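Tertiary structure, described
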Amino acid sequence: MERKWWHDKVAYQIYPKSFLDTNGDGIGDLRGVISKLDYLKELGVDIIWLSPIYKSPFVDQGYDISDYYAIAEEFGTMEEFDELLHEAKKRNMYILMDLVVNHCSIEHEWFKKALEDPEGEYADFFYFREGKDGNPPDNLRSYFGGSVWEPVPNSNKYYLHLFSKEQPDLNWENPKLREEVYKMVNWWLDKGLAGFRIDAIMNIKKDLEFPMLEPDGDDGLAICFRTIESLNEKNPEGIDLFLKELKERTFKPHDALTVAEAFNIDKSALSKFIGEDGYFSTIFDFSAETMVNGEHGWYDTPDFTVDEWKNELFSAQEMAEGIGFMANIIENHDEPRGVSRYLPTYAQNDMGKKMIATVSLLFRGLPFIYQGQEIGMTNSEWNDITEFNDINTKDQYNVARDAGLSDDEAMDACRKFSRDNARTPMQWTFKENAGFTEGTPWLKLNPNYVDINVESQEKDPDSVLNYYKKLIALRKARKYSETFIYGNFKRELEDESKIVAYSRSLNDQKIIIVANFDGVQREISIDESLKEILISNSNRNIDFDMAKDTGFQFVMEPSEVFVFEVEI
Ligand code: TEU
Ligand code: CA
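Every value quoted in this text rests on a predicted model; they were computed, and no experiment measured them. (Residues numbered from 1 in each chain as written. Chains lettered and ligands numbered in written order. Predicted model: local features only at pLDDT ≥ 70, side-chain atom pairs only at ≥ 80, totals over all residues. Heavy atoms only, no water.)

Let's shift gears to the sheet that holds strand β20 (residues 530-536). Taken together, 5 strands build an open sheet; the order of strands is β16-β17-β18-β22-β20 and the sheet is antiparallel. Two strands bound the open sheet, and with one partner strand each, they are β16 (488-491) and β20. Each strand of the sheet is rotated relative to its neighbour by a mean of 25 degrees, with strand direction disregarded. Here β20 pairs with strand β22 (residues 561-566) via 5 bridges, running antiparallel. (Pairing = 2+ DSSP bridges. Helix = DSSP H or I, 4+ residues; strand = E, 2+ residues; numbered from the N terminus. Axes fitted to C-alpha atoms, helices over the stretch in contact; angles between N-to-C directions.)

Quick look at the structure:
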């Protein structure tokens, strides 16, 4: 496998609006990010992905961009951004921005010009289409609810939006639009950006026939991603042209790191995406996220078992083997907190948080930590639908109510799945507003900041934060890093239900990770000779010596994890 500059790195996602506010307006800002670079460096982070910081009306929290060349005033200035790049570079750190080019904002000048002249040049930057028999061109439902089509004022046309109606989709079929995108991407890369996280990219190719689909709900609509699925079957080469051209014209000449948000890529397509000459450096592993999607919405999301979860992650590891690197996450800004979602209730404590971190960070691939994950931030408390800010949450609440659920039942779905769970302000201290702001935070804090915060954890050698530091240091330790980066992945102890175990091996080194996701003690027997315990979350002193050469048996406590080096 050809070595890349980012292979040995650890990445961290910042959600700028909720990271740290330095001017008291209740909104996180670039100054806040700059002031915490040393904190991140000390954690062991090399690469920082910033969720969108471009000028935006913030209908979808900056994923609706009105000027790709400007920094949102809420976050600061271009000078401050340049300062961030400079300060990061000084510390050998790298900055990734969010590339949101499936759509822009209705406040972007392209869209304004398109509305002024629905027959003109800029209308072709978007999908302006006539309806059929007084109805929109097709019956697709947008990701955030309602038709994907919105009438263009003073015209017989509609415009397409797969997300909210304030996020019109850009027409990638139009070479002029593509040129504008490449110009913009190169402009940022020339500034010294290391690369991009690429938003919702599988959506850029549309089925231009805009066919009607079998409705999947009482609204007579079908969720829009169905066309992506059917398009892949009809015309698998469809998106190829766009993604290849994007890469050749921008990322490749800059040796940029690109991390794409691409759901449901199967093994046959994976090498085109993340292989040696793939469209992207890596894509997120969303296998756990997509494992259980509700058929109609959050409210009917089925439960899953530890073994199902493990199998999804392990299958993704196996799929990427020999092809490329996945970007491994346990949560992001679109998901509830991973420790609240994936840990069984009995394991939702510091032991469990360290355990799931160990499993995730030692996988093969590029690890991403989402802000607050390193201190074990959890889902928040929500009393009322009006406490949420997220557009997706409001829609899902209505979806549940429309399906006949009570306010409390609909709220329960939102409590579990709201994206705002991950967007509550970062918990820096136990003091007022968790040290996030001296003003009024834009989104309600998680009240547990008095117990879960950076300041307290820095002082406590056994904290989740200090465990993350040790874990990252282990991953990077010269003696083991080659194995953690390039080593093969293999399932271990496969017959043991609720035991999550795998190994990483390279040349004459083999490392085994064993985690007890069960709520009771478990007897474990490993048919290898133990060399050393590299890390564990219990600091238990077990005498493995007697079994050094004959395999070793031991009892694991609930939520305990061990990382062993074994004789090979
Ligand atoms: O998300 C794209 C995406 O596929 C969403 O449907 C995602 O699955 C959903 O938010 C989960 O409920 C990206 C961004 O990550 C998200 O924050 C944006 O809202 C979206 O694109 C539109 O830009
Ligand atoms: Ca601020």
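From this point, the discussion proceeds with the structure in view.
A word on the side chain of Thr 282. Tracing the backbone through its elements, the reader meets Thr 282 in strand β13 (residues 282-284). There is a polar contact of 3.0 Å between the side chain of Thr 282 and the backbone nitrogen of Ala 327. The residues contacting Thr 282, other than those within four sequence positions of it, are Trp 6, Leu 257, Thr 258, Val 259, Ala 260, Ile 274, Phe 325, Met 326, Ala 327 and Leu 366. (Polar contact = N/O pair within 3.5 Å; in protein donor to acceptor, adjacent residues only side chain to side chain. Contact = heavy atoms within 4.5 Å.)

Keep in mind that low pLDDT regions are not for reading the predicted coordinates in detail. With 98% of its residues at a pLDDT of at least 70, the protein reaches an overall mean of 96. Confidence, read as mean pLDDT per element, is least for helix α6 (residues 225-234) in the protein (77) and greatest for strand β1 (residues 11-14) (99). (pLDDT = per-residue confidence, 0-100.)

Of the protein atoms, only Asp 21 (OD), Asn 23 (OD1), Asp 25 (OD), Ile 27 (O) and Asp 29 (OD) coordinate the calcium ion (ligand 2), at distances of 2.3 to 2.4 Å. Between the donor residues of the calcium ion (ligand 2), the gaps in sequence give the motif D-x1-N-x1-D-x1-I-x1-D. For Asp 29, a relative accessible area of 4% gives the class buried. (Donors = N, O, S within 2.8 Å, 3.2 Å for Na, K, Ca; no water. Buried < 20%, exposed > 50% of the residue type's maximum accessible area, 1.4 Å probe, protein only.)

Our focus in this paragraph is the side chain of Asn 332. Relative to the assigned elements, Asn 332 resides in the loop between β14 (325-328) and α11 (338-341). With relative accessibility at 4%, the residue Asn 332 sits in the buried group. A distance of 2.7 Å separates the side chain of Asn 332 from the backbone nitrogen of Asp 334, its partner in a polar contact. Apart from residues lying up to four places away in sequence, Asn 332 is in contact with Gln 13, Phe 286, Tyr 370 and Ala 422.

Time to look at the packing of aromatic side chains. Per the stated rule, a full pass over the model turns up 49 aromatic pairs. Here Phe 363 and Tyr 502 contribute two aromatic rings whose centre-to-centre distance is 4.8 Å and whose plane-to-plane angle is 25 degrees, an arrangement assigned as stacked. One end of the pair, Phe 363, is in the loop between α12 (350-361) and β15 (366-370); the other, Tyr 502, is in strand β17 (residues 499-506), and 139 residues separate them in sequence. Under the relative-accessibility criterion, Phe 363 is labelled buried at 4%. Classification of Tyr 502 by relative accessible area gives buried; the value is 0%. Three or more aromatic residues link up through ring pairs in this structure, and these residues are Tyr 54, Tyr 68, Tyr 69, Phe 81, Trp 110, Tyr 122, Phe 125, Trp 187 and Trp 188. The ring of Trp 428 is capped by Lys 36, whose NZ or CZ atom sits 4.2 Å from the centre of that ring. Directly above the aromatic system of Phe 430 lies the positively charged group of Lys 431, at a separation of 5.3 Å from the ring centroid. (Phe/Tyr/Trp six-rings, centres within 6.5 Å; stacked < 30°, edge-to-face > 60°. Lys NZ or Arg CZ within 6 Å of the ring centre and 35° of its normal.)

On to helix α13 (residues 391-402). Note that an α-helix has 3.6 residues per turn; residues three or four places apart therefore point the same way. With 12 residues, α13 ought to run about 16 Å at 1.5 Å a step, and its terminal C-alpha atoms sit 17 Å apart, in line with that. Among all positions of α13, only Ile 391, Asn 392, Thr 393, Asp 395, Gln 396, Tyr 397 and Ala 400 are buried. Considering only its buried residues, α13 is in contact with α14 (407-417). Backbone geometry just after α13 places Gly 404 at a positive phi near 100 degrees. (Expected span 1.5 Å × (residues − 1).)

This part is about helix α10 (residues 306-320). End to end, α10 covers 22 Å across 15 residues, agreeing with the expected 21 Å (1.5 Å per residue, within 8%). Considered for burial, the residues of α10 that qualify are Val 306, Trp 309, Lys 310, Leu 313, Phe 314, Ala 316, Gln 317, Met 319 and Ala 320. On its buried face, α10 is in contact with α8 (267-274), α9 (287-291), β14, α12, β16 and β17. Note on α10: the residue one or two positions beyond its end, Gly 322, has a positive phi of about 80 degrees.

On to the environment of Asn 488. Within the secondary structure, Asn 488 sits in strand β16. Relative accessible area serves as the criterion here: at 44%, Asn 488 is assigned to the partly exposed category. Each C-alpha atom, one on Asn 488 and one on Ile 323, is 12 Å from the other, the two residues being 165 residues apart in sequence. Non-local contacts of Asn 488, meaning those with residues more than four positions away in its chain, are made with Glu 321, Ser 503, Arg 504 and Ser 505.

This part covers the site of ligand 1. Around ligand 1, the surrounding shell holds 16 residues, and the nearest of these are Asp 60, Asp 199, Asp 334, Asn 392 and Arg 419. Here an oxygen atom of ligand 1 sits 3.0 Å away from a polar atom, N or O, in the side chain of Arg 197. At a separation of 2.4 Å, an oxygen atom of ligand 1 approaches a polar side-chain atom of Asp 334. Here ligand 1 loses 90% of its free accessible area of 500 Å² to cover by the protein chains. Across the shell around ligand 1, the residue classes tally to 5 nonpolar, 4 polar and 7 charged. (Near = heavy atom within 4 Å. Areas by Shrake-Rupley, 256 points an atom, 1.4 Å probe, with all protein chains shown as cover. Nonpolar A, V, L, I, M, F, W, Y, C, P; charged D, E, K, R; others polar.)

Moving on, we get to the pairing of strand β12 (residues 257-260). Residues Leu 257 and Val 259 line one face of β12 and the alternating positions Thr 258 and Ala 260 line the opposite face, and both faces are buried. Examined bridge by bridge, strand β10 (residues 195-198) and β12 share 4 bridges and lie parallel to one another. Bridged to Arg 197 within β12 is Val 259. Here β12 runs beside β13; their pairing, made up of 2 bridges, is parallel. In the strand pairing of β13, Val 259 is matched with Thr 282. Viewed along the sheet, the connection from β12 through α8 into β13 turns out right-handed. (Right-handed = clockwise from strand over helix to strand, strands pointing away.)

Attention now moves to the pattern of salt bridges. All told, the structure shown has 50 salt bridges when counted by the stated rule. Glu 87 serves as the salt-bridge partner of Lys 90, at 3.1 Å between the closest nitrogen and oxygen. Linking Lys 90 with Glu 87, this pair stays in helix α3 (residues 78-90), spanning 3 residues, or about one helical turn. Exposure remark for Glu 87: the relative accessible area of 14% places this residue in the buried category. One salt bridge connects Glu 331 with Arg 337, and the closest N-O pair in it is separated by 2.6 Å. The class for Glu 331 is buried, based on a relative accessible area of 2%. (Salt bridge = Lys/Arg side-chain N within 4 Å of Asp/Glu carboxyl O.)

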